[in-house]
Amino acid sequence: MVEAQRAEGRRPDAAPERVPGAAGAPDVTGNPDTAGAPAPLRVLLADDEHLIRGALAALLALEDDLQVVAEAASGPEALAMALAQRPDIAVLDLQMPGMDGVAVATSLRTRLPGCRTMIVTSHGRPGHLKRALEAGVKGFVPKTVSAQRLAEVIRTVHAGNRYVDPELAADAISAGDSPLTVREAEVLEYAENGAPIAEIAQRAALSPGTVRNYLSSAAAKLCAENRHAAARIARARGWL
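Residues numbered from 1 in each chain as written. Predicted model: local features only at pLDDT ≥ 70, side-chain atom pairs only at ≥ 80, totals over all residues. Heavy atoms only, no water.

Caption draft 1: Quick peek at the nonpolar core. Counting 25 residues, the largest nonpolar core has L92, L108, I119 and F140 as its most contacted members. Considering each element in turn, this core owes the most residues, four residues, to helix 4 (residues 101-111). Ranked by size, the runner-up nonpolar core spans 24 residues in total, among them A195, I200, A204 and L215. (Core = buried A, V, L, I, M, F, W, Y, C linked by side-chain atoms within 4.5 Å. Buried < 20%, exposed > 50% of the residue type's maximum accessible area, 1.4 Å probe, protein only. Helix = DSSP H or I, 4+ residues; strand = E, 2+ residues; numbered from the N terminus.)

Dropping the structure here:
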């Protein structure tokens, strides 16, 4: 054995050579700072306000375990980007052109079940919260939340847990269930500021006659004398 080592040019007492990648051998090519670290959570951000979306993307990029892989400015774009990029979490604005955040979440629930959804909104009313929870949304927070807290909620939702802002949850409990359908609430909200029937019909993509029917039904359910009074009642009870 000694003679064989001398023939190979090694001293008899030299340590055996270690082949990188072999069992028990150190990996000299790996990065010790990232070896074995879990992949970051892939995040989709959807918000039609470019400034807010850009700020959120920049702030979340500071988190080592989060990666914004796609951004969208409308509901249909958010759905298309989610199906293309297959993120772990979709952070959706509630009110977006084309489809609102709840509609996107509803579609993703069946088309991309591995993607969890959460809503970040400046319209955190009880009726919206109820719709979101029924659609399988796991997180519901106001846009006033800090970036650090938002990152924590994203991790909570990805872990399979639910997070609802405590103040929004309390408002929803105190308001009770709304008797209004989604469409009735939508046209009533448009009517709240005195918009005429023709304008409401255009904004809601409905015929004027259908708008009148929804407004009449909403007023009857709330025992209001007209649509403006109905809007005030619904707003006071947190249903708009």
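Caption draft 2: Structural detail: the sheet that holds strand 6 (residues 163-164). Spatially, six strands are ordered 2-1-3-4-5-6 in an open sheet, and the strand pairing comes out parallel. Unpaired on one side and paired on the other, strand 2 (66-72) and strand 6 mark the two borders of the sheet. In this fold helix 3 (residues 75-85) packs onto strand 1 (41-46), strand 2 and strand 3 (89-93), with an angle of close to 135° to the strand it touches most, strand 2. Those strands touched by helix 4 are strand 3 and strand 4 (116-121), and its axis lies near 155° from that of strand 3. (Pairing = 2+ DSSP bridges. Contact = heavy atoms within 4.5 Å. Axes fitted to C-alpha atoms, helices over the stretch in contact; angles between N-to-C directions.)

Caption draft 3: Representation of the side chain of D47 within the structure. Mapped onto the secondary structure, D47 falls in the loop between strand 1 and helix 2 (50-60). From its side chain, D47 meets the backbone nitrogen of E49 in a polar contact 2.8 Å long. In this structure the side chain of D47 is engaged in a polar contact, spanning 2.9 Å, whose partner is the side chain of K143. Every residue in contact with D47, bar those within four places of it in the chain, is listed here: I52, R53, A72, A73, D93, M96 and K143. (Polar contact = N/O pair within 3.5 Å; in protein donor to acceptor, adjacent residues only side chain to side chain.)

Caption draft 4: Highlighting unusual backbone geometry. Its identity as a non-glycine residue notwithstanding, A205 has a phi of 60°, on the positive side. The backbone of C223 shows a phi angle near 55°, a positive value even though the residue is not glycine. Along the chain, the position of C223 falls in the loop between helix 10 (208-221) and helix 11 (227-236). Judged by its relative accessible area of 71%, C223 falls in the exposed class.

Caption draft 5: Representation of the pairing of strand 5 (residues 139-142) within the structure. Here strand 5 shows no split at all, with G139 and V141 on one side and F140 and P142 on the other all buried. Alignment of strand 4 against strand 5, held across four bridges, turns out to be parallel. Bridge pairing links M118 to G139 in strand 5. At this point the chain moves from strand 5, through helix 6 (residues 147-158), to the parallel strand 6, and the crossover so formed is left-handed. (Right-handed = clockwise from strand over helix to strand, strands pointing away.)

Caption draft 6: Focus on the environment of K221. Within the element layout of this structure, K221 appears in helix 10. A relative accessible area of 35% means that K221 is categorised as partly exposed. Excluding residues within four positions of it along the chain, K221 makes contact with P179, L180, T181 and E184. A polar contact of 3.1 Å, which involves the side chain of K221, links it to the backbone oxygen of P179. Within the structure, the side chain of K221 is placed 2.9 Å from the side chain of E184, a separation counted as a polar contact.

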